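Here is what each chain is made of, one letter per residue.
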Number of protein chains: 2
Amino acid sequence: MRISDVARHAGVSPSTVSYVLSGKRSISPATRERVLESIEVLGYQPHAGARALASNRSNVIALVVPLRPGIHVPVAMQFAVSVVTSARDREHDVLLLTQAEGEGGLRRVAGTSMVDGIIVMDVEVDDARIPTLRSLSHPSVLIGVPAETEGLTCIDLDFDAAGRACVAHLADLGHREIALIGQPPSVYERRTGFAERTVAGFEAEAGERGVEATVVPCDAAPAAVTAAATDLLRERPGVTGLVVHNEPAVTPLLEAVRGLGREVPADLSVVAIAPDDLATEASPPLTSVSLPAEEVGGRAVSLLMDKLDDLGPPEVTLLPPRLVPRASAAARPALP
Amino acid sequence: MRISDVARHAGVSPSTVSYVLSGKRSISPATRERVLESIEVLGYQPHAGARALASNRSNVIALVVPLRPGIHVPVAMQFAVSVVTSARDREHDVLLLTQAEGEGGLRRVAGTSMVDGIIVMDVEVDDARIPTLRSLSHPSVLIGVPAETEGLTCIDLDFDAAGRACVAHLADLGHREIALIGQPPSVYERRTGFAERTVAGFEAEAGERGVEATVVPCDAAPAAVTAAATDLLRERPGVTGLVVHNEPAVTPLLEAVRGLGREVPADLSVVAIAPDDLATEASPPLTSVSLPAEEVGGRAVSLLMDKLDDLGPPEVTLLPPRLVPRASAAARPALP
DNA sequence: CAGCGCAATCGAAGCGCTTCGACACACGTA
DNA sequence: TACGTGTGTCGAAGCGCTTCGATTGCGCTG
C-alpha cells in the first residue's frame, strides 16, 4: 500500500496526494475530498522511513529519562508522560533513552537522523551531556537549568523562587527557626540543578528575613526519614517550620513528627514542594508549592517544536511557583 | 556524510561498505579493515530512515507502558528499563507509547513501519488490544497472560504458582488462617492478569491444604492500608499469616500491624510478592517471592527478536517463582 | 593446461516518499 | 483579443541505503 496506490484510486498523481497530506500547496476542495476518501477506503498509512528520508524529518523526538539513585520515579514519569502526550498532539513520537546510554546515545540518535530533537531531564549544574548537545546539529531542550545556559534552551519550575516562597510563607506566619528536609545526599552530590536552586532560595530568603535555617538532606527510606526528623527536632528543638522537598519522605515524615508528639500544624508547620495530588492526599493536606510536571513537559515540547520551526525561543523559561495554603501550616505556636 | 563518501574514502563501492556493516556477505579482512577505518575517521553514521526504507527494518520496537490507576510506577519502570536495555543490546531502540494511545497507537506505529515489533505490558484477562495485535502483520510480545493465548507470545512470572508458593510456605509453618493483601480494587475490576492469577493460586492452594483464606483488595494510600489491616485483624482475629501482593502497601502495612500490637513475625507472619530490593529494605526484611522485572523484560525482548527472525517461540513462558525466606515469616504462634 | 568453483567486489535497481520546476487552464485586465 | 496572474496539478529527480545478479580473478582439479 503506497502513495501511488492512493493516487491511482483517486485519479491524481502521487505528488498531489502528498500535498493533500502535508498541506504545503493548495489543492482544490474537490480533489482533496477525493484523495482523503481514497486514503480512508484503502487504509493508507505512509511509510515513516521513506518520509524521513525524503523530508529529512523523522517526526520523532528523543527523551532521556533519569532513572538513577535518589530520583522519585513517579514524578519523573509524570514529566515523561506529559512529554509523550504533548508530542503526540504535535504529530511526533517519542524515543526512550535511558540515562545509562549517556552521551553516546545522544550522538547516535542524532547522527543517524532517528530523531528531530532531544529533550533531556534531570539536568545537573555542570552536566556532562551539555557539550555533546552543543556539538549536535539537532535542537534540544533541557528540563532543568545548568550553570551556563548560553545557546541552550531550558525549562523548569523556578525552584529558587519556590524555596523562597516556602520560607516567606513560614516567616509570614511568625516562624523564626525552620528547616528544609531535602533530597537524598546523592542528588546534591551530583549537583542536580533543581535541588541546589531550592536550597539556594531557601537559604537566601531565610537570611534576608533573619530566620534561622537548617538544611537536612534526606534519603527516601522511611527509617531514614524518621531518623532525620528525630535528630533534627532533638538538636534544634526550636524549629517550628519545615519545608519538605522530597516526595517519598512526605508520609513517613508526617508520621515521624506525630510519633515525636508534635501536631501538624499546631506545633509544627509543614510546607511541601511536591505535585498537587501528593499534597492533597496527605493528612493533613499540605500547604505546598506545586510541581507542575504536566506544564513543564508540555512546554518542553513546545520549545523544541519552536526550535524545529527555526524560532529562537528564550534560553531559560522559569515557571513561577504557586504556593497553595492547605492545612499543614499555621502561625507559630506561642512560646511555652 | 553518506555511505558513498565512506566508499570513496576507502576506495571501494558503496555496496561493499554496506556489506561490511551488515556482515551479510564475506569481505576480505583487508577491505573490512580499510572500510572500518574510513568509517571511524569520517565519523560516518548511517541514516536510519534510508536504512529502514531499503531494508524494511526500522530497528525500533514499541513499548506500551501502563500508566493507569492502581499500578505501581517504580515497578512498571523496572520492566520498561530492562526492555530498553535489552533492546539496545540487540541494536534496537524503543519507542514509548502510553496506554492512553490505545489500539490506534498500535495500528499507527505498525502501519507506518515505524517499528519492527511491539511489546505490551499490563495485559488484562480479556484485553481489548489483543484483536488489534492479532490483526497486525507485526510481531508482538505480551508481558502478562490473557485468557486466550492462541497465536500470541506471552511472558510473565507464574503468578498462580507464586500465590501457591506463599500459601504453601505459610501452611508449612503451621498457619491455618491467612489473608491476601492484594492490589487496589481497580486492578481487579479491569481483570489484570497477574493480579487475578495470584488470587487464583492463593485460593486454590489454601483450599487444597484446608487453610482458611481471605482476599483483601487494598488501595495504596497509607491510610487505606491501615484501615484494611485494622478491619481484617478485627474481623478475623485468628489470622496469623499475610501474603502481600501490593508494593506500596508493604511499609504502611508493617507499621499498621505494629500499631495494632502485633509483632512480625512473632505474632503475624508476612510473605510478600515484590521486587527483591523492596523486600530486603523493609524491616524486618521480608520473606518474599521476587518479581524478576529485569528477567521478564529481557526475555520479552528475546522473544520478540525470535519472532523477527522467524523462529516460532512458545505461546506462553511462565517464570517459576522463587520464594526466599527472610525474617518476616515464622511458625504460627502457640494458641493463647 | 583447460575448466571449474569459490571468494570478493561492483553496478544498478529499487525502497516509498517529498519537492521543485513546469505546465495547463481560467480569469480579470488593458 | 492578447496578456499577465494565479491556482491547481503533474512529472521527475532525488533522499541514502540494501540487495540482487553479474563479474573478476584466483587457486584447484582432472
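Residues numbered from 1 in each chain as written. Chains lettered and ligands numbered in written order. Predicted model: local features only at pLDDT ≥ 70, side-chain atom pairs only at ≥ 80, totals over all residues. Heavy atoms only, no water.

The name recorded for chain A in an unreviewed UniProt entry is LacI family transcriptional regulator, from Streptomonospora alba.

**Description of the nonpolar core**
Rules: In this description, a nonpolar core means a group of buried Ala, Val, Leu, Ile, Met, Phe, Trp, Tyr and Cys residues linked to one another through side-chain atoms lying within 4.5 Å. Each residue's exposure class comes from its accessible area (1.4 Å probe, protein chains only) as a fraction of the maximum for that residue type: buried when under 20%, exposed when over 50%, partly exposed otherwise. Residue contacts follow a heavy-atom distance rule, with two residues in contact if any of their heavy atoms lie within 4.5 Å.
Core analysis: the biggest nonpolar cluster contains 102 residues, and Ile61, Ile119 and Ile143 of chain A together with Ile61, Ile119 and Ile143 of chain B have the highest contact counts within it. Setting aside residues up to four positions removed in sequence, Ile61 of chain A forms contacts with Val83, Ala87, His92, Asp93, Val94, Leu95, Val115, Gly117, Ile119, Val301, Leu304 and Met305 of chain A.

**Some words on the relation of the copies chain A and chain B**
The condition that has to hold: To line up the copies, we fit them by least squares on C-alpha atoms, keeping just the residues with pLDDT of at least 70 in both.
With an RMSD of 0.0 Å, the fit of chain A onto chain B corresponds to turning through 180° and sliding 0.0 Å along the axis. On this basis, the relationship between the two copies can be described by a two-fold rotation axis. The residues that chain A uses at the interface reappear at the interface of chain B in 100% of cases, marking a shared surface.

**Considering the interface of chain A and chain B**
Filter applied, for reference: The buried area of a pairing is the accessible area, by a 1.4 Å probe, that goes missing from both parts when the two are put together, added over both. Polar contacts, as used here, are pairs of N or O atoms within 3.5 Å; protein pairs need one atom able to donate a hydrogen and one able to accept it. Residues neighboring in sequence count only if both atoms are side-chain atoms. Working definition: helices are DSSP H or I runs of at least four residues, strands are E runs of at least two. Numbering for both runs from the N terminus. When residues are sorted by character, Ala, Val, Leu, Ile, Met, Phe, Trp, Tyr, Cys and Pro go into the nonpolar class, Asp, Glu, Lys and Arg into the charged class, and all the rest, Gly among them, into the polar class.
Contacts between the two partners involve 35 residues from chain A and, on the opposite side, 35 residues from chain B. Both sides together, the interface formed by chain A and chain B hides about 3000 Å², and carbon and sulfur atoms give 67% of it. Between chain A and chain B we count eight residue pairs in polar contact (both at pLDDT 80 or more) in total. Elements with a contribution of two residues or more to the side of chain A that touches chain B: helix H4 (48-55), helix H5 (73-89), strand E2 (93-98), helix H6 (102-111) and helix H12 (250-259) of chain A. Among the residues making up the side of chain A that touches chain B, the classes are represented as 19 nonpolar, ten polar and six charged.

**Looking at the protein's contact with DNA strand C**
Selection criterion: Throughout, near means a residue has at least one heavy atom within 4 Å of the molecule or strand.
The local shell around DNA strand C holds 27 residues, among which Ile3, Arg25 and Tyr44 of chain A together with Thr16 and Thr31 of chain B are the closest. Atoms of DNA strand C within 4 Å of the protein belong to the sugar or the phosphate in 59% of instances, the rest to bases. In the model, a base nitrogen of DNA strand C is placed 2.7 Å from a nitrogen or oxygen of the Tyr19 of chain A side chain. Between a base oxygen of DNA strand C and a main-chain N or O atom of Ala54 of chain B, the distance comes to 3.5 Å. Counting residues per element, the ones that place at least two in the surface near DNA strand C are helix H2 (14-22) and H4 of chain A together with helix H2 (14-22) and helix H4 (48-55) of chain B. At four residues, H4 of chain A tops the list of elements feeding residues into the surface near DNA strand C. Taken together, the residues of the surface near DNA strand C sort by class into eleven nonpolar, eleven polar and five charged.

**So, the packing of aromatic side chains**
Residue and element names in this part refer to chain A. Our working rule: Stacked, tilted and edge-to-face are the three classes applied to pairs of Phe, Tyr and Trp rings, where Trp contributes its six-membered ring and a pair requires centres within 6.5 Å; stacked means planes under 30 degrees apart, edge-to-face means over 60, and tilted covers the rest.
Under the definition given, this model contains two aromatic pairs over all chains. With 5.3 Å between their ring centres and 50° between their planes, Phe159 and Phe194 make a pair best called tilted. Residue Phe159 is found in helix H8 (residues 159-172), and its partner Phe194 is found in helix H10 (residues 193-209); the two are separated by 35 residues along the sequence.

**Description of the UniProt feature "domain: HTH cro/C1-type" (unreviewed entry) in chain A**
Our working rule: UniProt positions are given in the numbering used here, feature names are shortened, and annotations may be inferred rather than shown by experiment.
Here the UniProt-annotated "domain: HTH cro/C1-type" (unreviewed entry) positions come out as residues 4-45 of chain A. Counted over residues 4-45 of chain A, helix gives 71% and strand 0%. Its end C-alpha atoms are 12 Å apart.

**Some points on the protein's contact with DNA strand D**
Around DNA strand D, the structure places 27 residues, and the nearest of them are Thr16 and Thr31 of chain A together with Ile3, Arg25 and Tyr44 of chain B. When the atoms of DNA strand D within 4 Å of the protein are sorted by group, sugar and phosphate make up 58%. At 2.4 Å, a side-chain N or O of Thr16 of chain A approaches a phosphate oxygen of DNA strand D. Mapped onto the surface near DNA strand D, the elements with two or more residues apiece are H2 and H4 of chain A together with H2 and H4 of chain B. Classifying every residue of the surface near DNA strand D gives eleven nonpolar, eleven polar and five charged.

**Quick word on the sheet that holds strand E8 (residues 241-244) of chain B**
Residue and element names in this part refer to chain B. Selection rule: At least two DSSP bridges between two strands are required for those strands to pair.
Taken in spatial order, the six strands line up as E7-E6-E8-E9-E10-E12 in an open sheet, and their pairing is mixed. Single-partner strands in this sheet number two, and they are strand E7 (212-216) and strand E12 (323-324). Both strand E6 (residues 177-181) and E8 contribute to a ladder of four bridges, which runs parallel. For Ile181, the partnering residue across the bridge sits in E8 and is Val244.

**Here's the deal with the pattern of salt bridges**
All names here are of chain A. Heads up, the condition is: Should a side-chain nitrogen of Lys or Arg be within 4 Å of a carboxyl oxygen of Asp or Glu, the pair is scored as a salt bridge.
All told, the structure shown has 42 salt bridges over all chains when counted by the stated rule. Residue Glu196 is joined to Arg191 by a salt bridge in which the shortest nitrogen-to-oxygen separation is 2.7 Å. We classify Glu196 as partly exposed; its relative accessible area is 27%. Of the residues examined, Arg191 reaches a relative accessible area of 41% and is grouped as partly exposed. Via salt bridges that share partners, Asp160, Arg164, Asp172, Glu205, Glu208 and Arg209 belong to a single interconnected network.

**Overview of the packing of helix H8 (residues 159-172) of chain B against helix H10 (residues 193-209) of chain B**
Helix-helix packing: each pair is described by the crossing angle between the helix axes and the interaxial distance. All names here are of chain B. As a reminder of what qualifies: Here an axis means a line fitted to C-alpha atoms, over the contact stretch when the element is a helix, while the angle between two N-to-C directions is reported on a 0 to 180 degree scale. The hand of a helix crossing depends on one turn: near helix anticlockwise from the far one by less than a right angle means left-handed, and clockwise means right-handed.
The interhelical angle for the contact between H8 and H10, taken along N-to-C directions, is 35°, at an axis separation of 7 Å. Remark: the crossing between H8 and H10 carries right-handed chirality. Mapping the contact onto sequence places Phe159, Asp160, Gly163, Arg164, Val167, Ala168, Ala171 and Asp172 in H8 and Phe194, Arg197, Thr198, Ala200, Gly201, Phe202, Ala204, Glu205, Ala206, Glu208 and Arg209 in H10. Taken together, the residues of the contact of H8 with H10 sort by class into nine nonpolar, three polar and seven charged.

**As for the pairing of strand E5 (residues 154-157) of chain A**
Residue and element names in this part refer to chain A. Relative to E5, strand E4 (residues 140-143) is paired through two bridges, and the arrangement is parallel. Residue pairing in the sheet places Leu142 in a bridge with Cys154 of E5. Across four bridges, E5 lies against strand E11 (residues 316-319) in parallel orientation. Bridging from a neighbouring strand, Asp156 pairs with Leu318 of E11.

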